[in-house]
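One-letter residues, chain by chain:
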Amino acid sequence: MTTAQTVLAAVLFLVFLPLSLAKIAAVGVMRRAAAHLGMSPGLYRVIGALELAGAVGLLLGLASAPVGVAAATGLTLLMAAAAVVHLRHGDPPVRALPAAVLALAAAAYAGAAVAAR
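Residues numbered from 1 in each chain as written. Predicted model: local features only at pLDDT ≥ 70, side-chain atom pairs only at ≥ 80, totals over all residues. Heavy atoms only, no water.

Q: Would you mind going over the pattern of salt bridges with me for this structure?
A: Any two side chains of opposite charge can pair, so long as their charged atoms come close to each other. In the structure shown here, the tally under the stated rule is 1 salt bridge. Note that Glu51 and Lys23 form a salt bridge whose closest N and O atoms lie 3.1 Å from each other. With Glu51 in helix α3 (residues 41–60) and Lys23 in helix α1 (residues 3–25), this pair connects stretches of sequence that are 28 residues apart. For Glu51, a relative accessible area of 2% translates into the label buried. (Salt bridge = Lys/Arg side-chain N within 4 Å of Asp/Glu carboxyl O. Helix = DSSP H or I, 4+ residues; strand = E, 2+ residues; numbered from the N terminus. Buried < 20%, exposed > 50% of the residue type's maximum accessible area, 1.4 Å probe, protein only.)

Here it is, written out as structure tokens:
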């Protein structure tokens, strides 16, 4: 594991941890976001649980590269889907940008972890 991969895993973990916990807890802003996107709070909780699993998987990936690659791949797919959902619901592209950036960062982690093997 390179220093860059370790830093990227830590940064992604620190970004996804509070976001996933807020979705799971269904805090007000997350309930409003779910409603805006036409999702039930239950579905948003599932998404939060998947994000949390991915974030923890990134940290575990520091010890086991295949786990980190799987976690990063899952987060990449989740965030790419989030960007698409925002655009399909008529949000301006700037609303989809955070999800797209997180998808690219997770993909970069996965790519670096695969290349390091």
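Further notes follow.
Q: For this particular structure, what's the right way to read the packing of aromatic side chains?
A: In this description, a pair of aromatic rings is defined by centroid distance and the angle of the planes. Tallied over the entire structure, the rule returns 0 aromatic pairs. For the cation-ring pair, Lys23 lies above Tyr44, with the distance from its terminal atom to the ring centre recorded as 5.5 Å. (Phe/Tyr/Trp six-rings, centres within 6.5 Å; stacked < 30°, edge-to-face > 60°. Lys NZ or Arg CZ within 6 Å of the ring centre and 35° of its normal.)

Q: Looking at this model, I keep getting lost on helix α4 (residues 65–88). Mind explaining?
A: Each α-helix winds once per 3.6 residues, and so residues spaced three or four apart point in a common direction. The terminal C-alpha atoms of α4, which comprises 24 residues, lie 34 Å apart, in line with the 34 Å expected from a rise of 1.5 Å per residue. Where α4 is concerned, the buried positions are Gly68, Val69, Ala71, Ala72, Leu75, Thr76, Met79, Ala83 and His86. Tucked inside the fold, the buried residues of α4 contact α1, α3 and α5 (93–116). At the exit of α4 stands Gly90, carrying a positive phi of roughly 85°. (Expected span 1.5 Å × (residues − 1). Contact = heavy atoms within 4.5 Å.)

Q: Even after reading the chapter, I still don't get the nonpolar core, so can you show me in this structure?
A: One broad rule of soluble globular proteins: the nonpolar side chains tend to lie buried together. Grouped together as the largest cluster of nonpolar side chains are 21 residues, with contacts concentrated most on Leu12, Phe16, Leu58, Met79 and Tyr109. Sorting the residues of this core by element identifies α1, α3, α4 and α5 as the ones contributing at least two each. Per-element accounting of this core gives the leading share, 9 residues, to α5. The residues touching Phe16, leaving out its near neighbours within four places in the chain, are Glu51, Ala55, Leu75, Met79 and Leu102. Ranked by size, the runner-up nonpolar core spans 7 residues in total, among them Met30, Ala34, Leu37 and Met39. (Core = buried A, V, L, I, M, F, W, Y, C linked by side-chain atoms within 4.5 Å.)

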